[in-house]
Amino acid sequence: MKKIIAGFMMAAALAGCGTTGGRVSTERGDRMMVTDRWTKVDSDTAAQRIMEQFLTSARFHEYVAQMGRRPRLFIMDVSNQTADPDFRVAELNNALLMRIINSGEFVLIDNRARDKINAELAYQRGGAVAQRDIQKIEETGADTLIFGEITMEPIINRGQTVKEYTVNMRMTNVRTKEEIARAQYSVTKFTRRPRFGW
């Protein structure tokens, strides 16, 4: 009880001297993070949730069963569609890549070929992949493509800035262009200006 009271007193003191931040989430076991910015923990959590959704998708299992082997996967870099031009999207890309590698469910296309094509395709895709992009990816021998974007638009209301970050990812059959699976992860964060200063 003493620890709880001390925690409330500390929070009240901080609220009087600066901006407070937090994380709004209903996920069990989610840790409160005193920041409104995307962090490495967010990247790791997003990658975990997205891979869980992909690997438990019935359509993904049907696709693998029809192929009779592990899909040859090309991973496009996640597109930064947030209002923050300095968003550390490379951290999210690396977290997703590690989860995909560690799953053992895919044969990954050679990193050098992937990096070269991703560099050529480094522009705002708006959630779509053009036909010419698909042709470049097919040339690598890939039969499966994962691509997506992260979005965030801050909303300011009564001194509180709310940021909802959403990662949308899609898995597509390169040859037929049919969607195999879709995954999403969202987290809402906020900052609040103090009502009273020192």
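A. Examining the overall build of the protein more closely. Helix and strand content of the protein: six helices and eight strands. For the protein, the residues scored as buried account for 40% of the 198 residues in total. Intrachain contacts of the protein at a sequence separation of at least 6 include 69% that bridge at least 24 residues. Looking at the protein as shown, the accessible area adds up to about 11,900 Å², and 53% of this sits on carbon and sulfur atoms.

B. Structural detail: the environment of valine 162. With respect to the helices and strands, valine 162 occurs in strand β7 (residues 160–173). Using a relative accessible area of 25% as the deciding quantity, one classes valine 162 as partly exposed. For valine 162 and aspartate 36, which are 126 residues apart along the polypeptide, the C-alpha to C-alpha distance reads 7.9 Å. Setting aside residues up to four positions removed in sequence, valine 162 forms contacts with Glu153, Pro154, Ile155, Thr188, Lys189 and Phe190.

C. The pairing of β7, seen in detail. Of all 14 residues in β7, eleven are buried, a share of seventy percent or more. Pairing between strand β5 (residues 144–152) and β7: eight bridges, direction antiparallel. Across the sheet, leucine 145 pairs through a bridge with threonine 172, a residue of β7. Sheet analysis places strand β6 (residues 155–157) next to β7, joined by three bridges and oriented antiparallel. By the bridge assignment, asparagine 157 is partnered in β7 with glutamine 160. Between β6 and the antiparallel strand that follows it, β7, lie two residues; arginine 158 among them carries a positive phi value of about 55°.

D. Examining the confidence of the model for the protein more closely. Model confidence for the protein is summarised by a mean pLDDT of 79, while 73% of its residues fall at 70 or above. Low pLDDT (under 50) marks residues 1–33, which in the prediction has 46 contacts with non-local residues, meaning those over four places away or in another chain.

The rules behind these values
Along every chain, residues carry numbers that run from 1 in the direction the sequence is written. Only residues with pLDDT of 70 or above have their local features reported here, since the model is predicted, and side-chain atom pairs are shown and tallied only from 80 upward, although totals for entire chains, interfaces and linings are computed over all residues. Side-chain figures throughout are based on the complete set of non-hydrogen atoms in the structure, without hydrogens or water. Secondary structure counts use DSSP, requiring at least four H or I residues in a row for a helix and at least two E residues in a row for a strand, with both numbered from the N terminus. Exposure is judged per residue with a 1.4 Å probe applied to protein chains only, and the accessible area is read against the type maximum: over 50% gives exposed, under 20% gives buried, and values in between give partly exposed. Residue contacts are defined here by distance: any two heavy atoms, one from each residue, within 4.5 Å place the two residues in contact. Here the accessible surface of atoms and residues is derived via Shrake-Rupley with a 1.4 Å probe, and residues count as covered only by protein chains that are part of the display. For two strands to pair, DSSP has to find at least two bridges joining them. Each residue gets a pLDDT score, which is the predictor's confidence in that residue and runs from 0 to 100.

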